[in-house]
Amino acid sequence: MTTYPAAQQTFSRSAPVRLWEDGFALDPYRYYEDLRAQGPVGWAELAPGVPAYVVTDRRAALDLLHDTETFSHDPRPWETTVADDSPVLGMMRWRPNTLFADGADHVRYRTTLIDTFDRVEPHDLRARVHRSVRLLVGRIGPKGEADLVGDFARPLMALVFNNLFGLPDSQSDRLNAALGKMMEGGAEAAEGEAEFGGYVLELIAAKAERRGEDLPSWLLDHPAGLTPEEVTWQVFLTLGAGHEPTANLVSNALSRILGNPSYYSTLTSGARPVMDAVVEVLHHETPLANYGIHYARRPVTFHGAWIRAAVPVVISYGALAHAAEQDHGGHRHPGDASHLSWSAGPHACPVKQHTLLIATEAIERLTQWLPDLEPVLPRERLTWRPGPFHRSLTSLPVRFSPRSPDLPGGPS
């Protein structure tokens, strides 16, 4: 049995930190400080009546991520304790895919994802991003104003992932809308989950009937012999985990870039790589702020907290980033990769490089097409979408000189 450092347990079961409140989206750092004041593991609610332990200490997070003996990713014992209409079920419900599997099942599912994404060549992925950016600039460029969340980051990811999964551009708005509802964990979460599920089921049915050069077809034909149901849930995971956090990564990075004119000028001139801005977001404003959900297989004392079985143990990547920023005085080397935004251990993100390529290429291409982007609002007046899991802007309004991709002098 694994043992962990002892510490005095300070949190109160009667006063969980409520991560579902509107105030959390407005100022999550106050909530993170309340959690950290309880010790390495705090007590919170992900939704009304849905309690969870929240890990806010880096050492504790790493112990959790690497301890497959004490902790499981299988939420089914927890699901029996939650109302069927709970708004967080869409993000936490068990499905037969790599996110919710342990042991041999996890290795089998994870291997199929790695092998499948390895077939996507970087130059091909880059071309898909460029094509999608050009299409979106064609829509917004002549107007001279846009919302870089609703008009760019989110529809861009829907176009790119829709294309990777072998569906026409016309289906991308449907994907974008369904995932947005599901991630927020509010009243529309169940509707969003149902819409997204319908989208994926139709996709797999089409690919089962007729293969293509796309990710679902490659999963269906993988030597691991996944069933159509298993492929369905692998795609459900991959589309959700690919679209939403990557869109947030792009919009959060753009907001930081455009909110700092001197920073923006070094990026557009090529003196500073876009990757610097993306890494800053992963350190300080990570898109998937609270996730990495585990469940104790049996009651256990973990870093001073008594962890009951069948209660979610959530890693607060947002709280870890906030703590690290305070510890470092807000200063880090641009190449510092000590953040845990990609998670760690057996469940670390298997497609990190693909995500970074999509995000950096999207930002570079947009700023090449529209080099004089100017924010309409100062960064402190931007608003954020509700929900316990993500750090996601509601909008990022900008203005710029009207431009069409058909004009000469643009990116080639």
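Preceding block: the structure.
In what follows, the accompanying structure is described. Fair warning: this is a prediction, and the values are worked out from it, not measured in the lab. (Residues numbered from 1 in each chain as written. Predicted model: local features only at pLDDT ≥ 70, side-chain atom pairs only at ≥ 80, totals over all residues. Heavy atoms only, no water.)

### Describing the pairing of strand S6 (residues 290-296)
Here comes step 1: With respect to burial, S6 is a largely interior element, 7 of its 7 residues being buried.
Here comes step 2: With 2 bridges joining them, strand S4 (residues 71-72) and S6 adopt antiparallel strand pairing. The partner of serine 72 across the bridge, within S6, is tyrosine 295.
Here comes step 3: Bridging between S6 and strand S9 (residues 312-316) involves 4 bridges; their strand directions are antiparallel. (Buried < 20%, exposed > 50% of the residue type's maximum accessible area, 1.4 Å probe, protein only. Helix = DSSP H or I, 4+ residues; strand = E, 2+ residues; numbered from the N terminus. Pairing = 2+ DSSP bridges.)

### A word on the environment of glycine 150
Here comes step 1: Along the chain, glycine 150 falls in helix H8 (residues 148-164).
Here comes step 2: Put simply, glycine 150 and serine 343 are 193 residues apart on the chain and 27 Å apart in space, counted from C-alpha to C-alpha.

### Some remarks on the environment of alanine 224
Here comes step 1: On the secondary structure map, alanine 224 appears in the loop between helix H11 (215-220) and helix H12 (228-258).
Here comes step 2: Taking relative accessible area as the criterion, alanine 224 reaches 28% and is therefore assigned partly exposed.
Here comes step 3: With 25 residues separating them along the chain, alanine 224 and leucine 249 place their C-alpha atoms 32 Å apart.
Here comes step 4: Those residues in contact with alanine 224 that sit more than four places away from it in its chain are Arg108 and Thr112. (Contact = heavy atoms within 4.5 Å.)

### Section: H12
Here comes step 1: Here H12 contains 31 residues, and its C-alpha end-to-end distance of 44 Å stays within 8% of the 45 Å for a straight helix at 1.5 Å per residue.
Here comes step 2: Burial runs high along H12: 27 of the 31 residues are buried. (Expected span 1.5 Å × (residues − 1).)

### Examining helix H3 (residues 58-66)
Here comes step 1: Where H3 is concerned, the buried positions are Ala60, Ala61, Leu62, Asp63, Leu64 and Leu65.
Here comes step 2: Put simply, aspartate 57 is the residue that caps the front of H3, since its side-chain oxygen is 3.1 Å from the backbone nitrogen of arginine 59. (Polar contact = N/O pair within 3.5 Å; in protein donor to acceptor, adjacent residues only side chain to side chain.)

### A few points about the packing of helix H10 (residues 189-209) against H12
Here comes step 1: One can describe the packing of H10 onto H12 by two numbers: an axis separation of 10 Å at closest approach and a directional angle of 125°. Between H10 and H12, the interaxial angle falls into the category oblique. For the pair H10 and H12, the crossing hand works out as right-handed. Of the residues in H12, those in contact with Glu193, Phe196, Gly197, Tyr199, Val200, Leu201, Leu203 and Ile204 of H10 are Pro228, Val231, Thr232, Val235, Phe236, Leu239 and Gly240.
Here comes step 2: Of the residues belonging to the contact of H10 with H12, the class tally is 11 nonpolar, 3 polar and 1 charged. (Axes fitted to C-alpha atoms, helices over the stretch in contact; angles between N-to-C directions. Parallel < 35°, antiparallel > 145°, perpendicular 65-115°, else oblique. Left-handed = near helix turned anticlockwise from the far one by under 90°. Nonpolar A, V, L, I, M, F, W, Y, C, P; charged D, E, K, R; others polar.)

### Describing the sheet that holds strand S5 (residues 145-147)
Here comes step 1: Pairing in this open sheet of 3 strands is antiparallel, and the strands run S5-S11-S10 from one edge to the other. Looking at strand neighbours, the two that pair on one side only are S5 and strand S10 (374-375), the edges of this open sheet.
Here comes step 2: Inspection of the sheet shows S5 paired to strand S11 (residues 397-399) by 3 bridges, in the antiparallel sense. What sits directly across from glutamate 145, in S11, is arginine 399.

### Section: the pattern of salt bridges
Here comes step 1: One pass over the structure, following the stated rule, counts 19 salt bridges.
Here comes step 2: Between aspartate 214 and lysine 207 there is a salt bridge whose closest N-O contact spans 2.9 Å.
Here comes step 3: Glutamate 244 is paired through a salt bridge with arginine 385; the nearest N and O atoms lie 2.7 Å apart. With glutamate 244 in helix H12 and arginine 385 in the loop between S10 and S11, this pair connects stretches of sequence that are 141 residues apart. (Salt bridge = Lys/Arg side-chain N within 4 Å of Asp/Glu carboxyl O.)

### A look at the side chain of arginine 154
Here comes step 1: Within the secondary structure, arginine 154 sits in helix H8.
Here comes step 2: Arginine 154 sits in the buried class, given a relative accessible area of 10%.
Here comes step 3: At 2.7 Å, the side chain of arginine 154 forms a polar contact with the side chain of glutamate 244.

Bear in mind that shape data such as this cannot, by itself, settle questions of function.
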